[in-house]
Amino acid sequence: MLDTDFFRRWMAAAADAVGREAGRLTELDSAIGDADHGINMQRGFTAVTAALEKDAPDTPGAVLTLSGRQLISTVGGASGPLYGTLLRRAGKALGDDPEVSPAQLAEALRAGIAAVAQLGGAKAGDKTMLDALEPAAAALDESFAAARAAAEEGALATVPMLARKGRASYLGERSIGHQDPGATSSALLIAALEEVAR
């Protein structure tokens, strides 16, 4: 079972990963976006870490809900609302249980991903964060390691895709050949989950 401390450690590991990879995320975003994804995500997860230390939520769902709220209020562009919606909806799906199973987490993530798809009007194959998140949530039923591998493969699979949503879609054919920054940061989030589950 996964307790509140597990979810706090997940968000801390995600903040570390985003901090380490901020330069790479911004580099990817400079090719097909506004060149600010890494900076924005780093600012958002720094705020998440600070909020979790200050407020100390006492259930897994509350950790994700608070984290999502922080991302919405501190991350610029589309990433804040999308990541915030992912975590808030997943947190709401987990409810007030003091501990949750990996299966409940997988189900909650799927609820969050559905909300992201609805908000952004995107689907898998559109070269967005969904290309990493959807396969990860499906593979989470098998194991955390399988989810990480699926997210990383999903992010890599965006390279040959034509962007159909978001800032990158304005580039049309020129979006082909670049890895999607949102899918890449989503893979970092899932990698952080696998890291704390070890």
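In short, a report on the structure.

Procedures and definitions
- Residues numbered from 1 in each chain as written.
- Predicted model: local features only at pLDDT ≥ 70, side-chain atom pairs only at ≥ 80, totals over all residues.
- Heavy atoms only, no water.
- Patch = residues over 30% accessible without salt bridge, like charges linked within 9 Å, V, L, I, M, F, W, Y side chains within 5 Å.
- Areas by Shrake-Rupley, 256 points an atom, 1.4 Å probe, with all protein chains shown as cover.
- Salt bridge = Lys/Arg side-chain N within 4 Å of Asp/Glu carboxyl O.
- Lys, Arg positive; Asp, Glu negative; His and termini not counted.
- Charge placed at Lys NZ, Arg CZ, Asp CG, Glu CD.
- Buried < 20%, exposed > 50% of the residue type's maximum accessible area, 1.4 Å probe, protein only.
- Helix = DSSP H or I, 4+ residues; strand = E, 2+ residues; numbered from the N terminus.
- Polar contact = N/O pair within 3.5 Å; in protein donor to acceptor, adjacent residues only side chain to side chain.
- Contact = heavy atoms within 4.5 Å.

Some words on a positive patch on the surface
Point 1. Together, R69, R88, R89 and K92 make up a region of like positive charge exposed at the surface.
Point 2. Among the residues examined, R69 registers a relative accessible area of 44% and is labelled partly exposed.

Considering the pattern of salt bridges
Point 1. Under the defined criterion, the tally for this structure stands at 10 salt bridges.
Point 2. Where E21 meets R24, a salt bridge forms, and the shortest distance between an N and an O atom there is 3.3 Å. Here the residue E21 and the residue R24 both occupy positions in helix α1 (residues 4-32), the gap between them amounting to 3 residues, near one helical turn.
Point 3. With relative accessibility at 40%, the residue R24 sits in the partly exposed group.
Point 4. In this structure, E194 engages R198 in a salt bridge whose closest nitrogen and oxygen atoms are separated by 3.0 Å.
Point 5. Classification of E194 by relative accessible area gives buried; the value is 10%.
Point 6. Because the salt bridges share partners, they merge into one network encompassing R148, E152, E194 and R198.

Here we look at the side chain of S175
Point 1. Secondary-structure assignment places S175 in the loop between α7 (144-156) and α8 (181-197).
Point 2. Residue classification places S175 among the buried residues on the basis of a relative accessible area of 0%.
Point 3. Polar contacts involving the side chain of S175 include one to the main-chain amide nitrogen of A163, which spans 2.9 Å.
Point 4. Here S175 is in contact with I32, K127, V159, M161, L162, A163 and A168, once residues within four sequence places are set aside.

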